[in-house]
Amino acid sequence: MQTYTLAIADGVLFACLPDEADITAAITEAAATNYGFGLSLDIVRGATLTNAARPDDEVVWREGSDSELLDAHGRRYRYAVRRPS
């Protein structure tokens, strides 16, 4: 199962990339072009993208009206969760 790394700041999803991708480059580009520097980013690794959160999932991101959660193939999901092993 593919897991993802998310970069989140102030309720904004800056990046969602496969765990093995270079998240640093995506964060730098997003921050420089959209919001400027000085943000406090939360980096969440090992998230599973899903359309249905389970009761024991920790929801780390929920798609909103102004955000899209896309996987590496451009498929849209509603939630990024951490699932217990």
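This report concerns the structure included in the present document.

Reading the values: the criteria
- Residues numbered from 1 in each chain as written.
- Predicted model: local features only at pLDDT ≥ 70, side-chain atom pairs only at ≥ 80, totals over all residues.
- Heavy atoms only, no water.
- Helix = DSSP H or I, 4+ residues; strand = E, 2+ residues; numbered from the N terminus.
- Buried < 20%, exposed > 50% of the residue type's maximum accessible area, 1.4 Å probe, protein only.
- Contact = heavy atoms within 4.5 Å.
- Areas by Shrake-Rupley, 256 points an atom, 1.4 Å probe, with all protein chains shown as cover.
- Core = buried A, V, L, I, M, F, W, Y, C linked by side-chain atoms within 4.5 Å.

**A few points about the overall build of the chain**
Now for step 1: Broken down by element type, the chain carries 1 helix and 7 strands.
Now for step 2: Helices and strands in the chain line up, N terminus first, as β-β-α-β-β-β-β-β.
Now for step 3: Out of the 85 residues in the chain, the part that is buried amounts to 35%.
Now for step 4: Counting only contacts in the chain whose residues sit at least 6 apart along the sequence, the fraction spanning at least 24 positions is 53%.
Now for step 5: Roughly 5,300 Å² of accessible area belongs to the chain as shown, and the carbon and sulfur atoms make up 46% of that amount.

**A look at the environment of Asp 10**
Now for step 1: In this structure, Asp 10 sits in the loop between β1 (4-9) and β2 (12-18).
Now for step 2: Given the relative accessible area of 70%, Asp 10 is considered exposed.
Now for step 3: When the C-alpha atoms of Asp 10 and Ser 40 are compared, they prove to be 8.0 Å apart, with 30 residues separating the residues in sequence.

**Comments concerning the nonpolar core**
If you look at soluble globular proteins, the nonpolar side chains tend to sit buried side by side.
Now for step 1: Ranked by size, the top nonpolar core spans 13 residues in total, and within it Leu 6, Leu 13, Cys 16, Leu 49, Trp 61, Leu 69 and Ala 80 carry the most contacts.
Now for step 2: The set of elements that each furnish at least two residues to this core consists of β1, β2, β3 (42-50) and β4 (58-62).
Now for step 3: Every residue in contact with Ala 80, bar those within four places of it in the chain, is listed here: Leu 6, Ala 47, Thr 48, Leu 49, Glu 58, Val 59, Val 60, Trp 61 and Leu 69.
Now for step 4: Among the nonpolar cores identified, the runner-up in size contains 6 residues, and Ala 7, Ala 9, Phe 14 and Ala 15 belong to it.

Function cannot be read off these values alone, since they describe shape.
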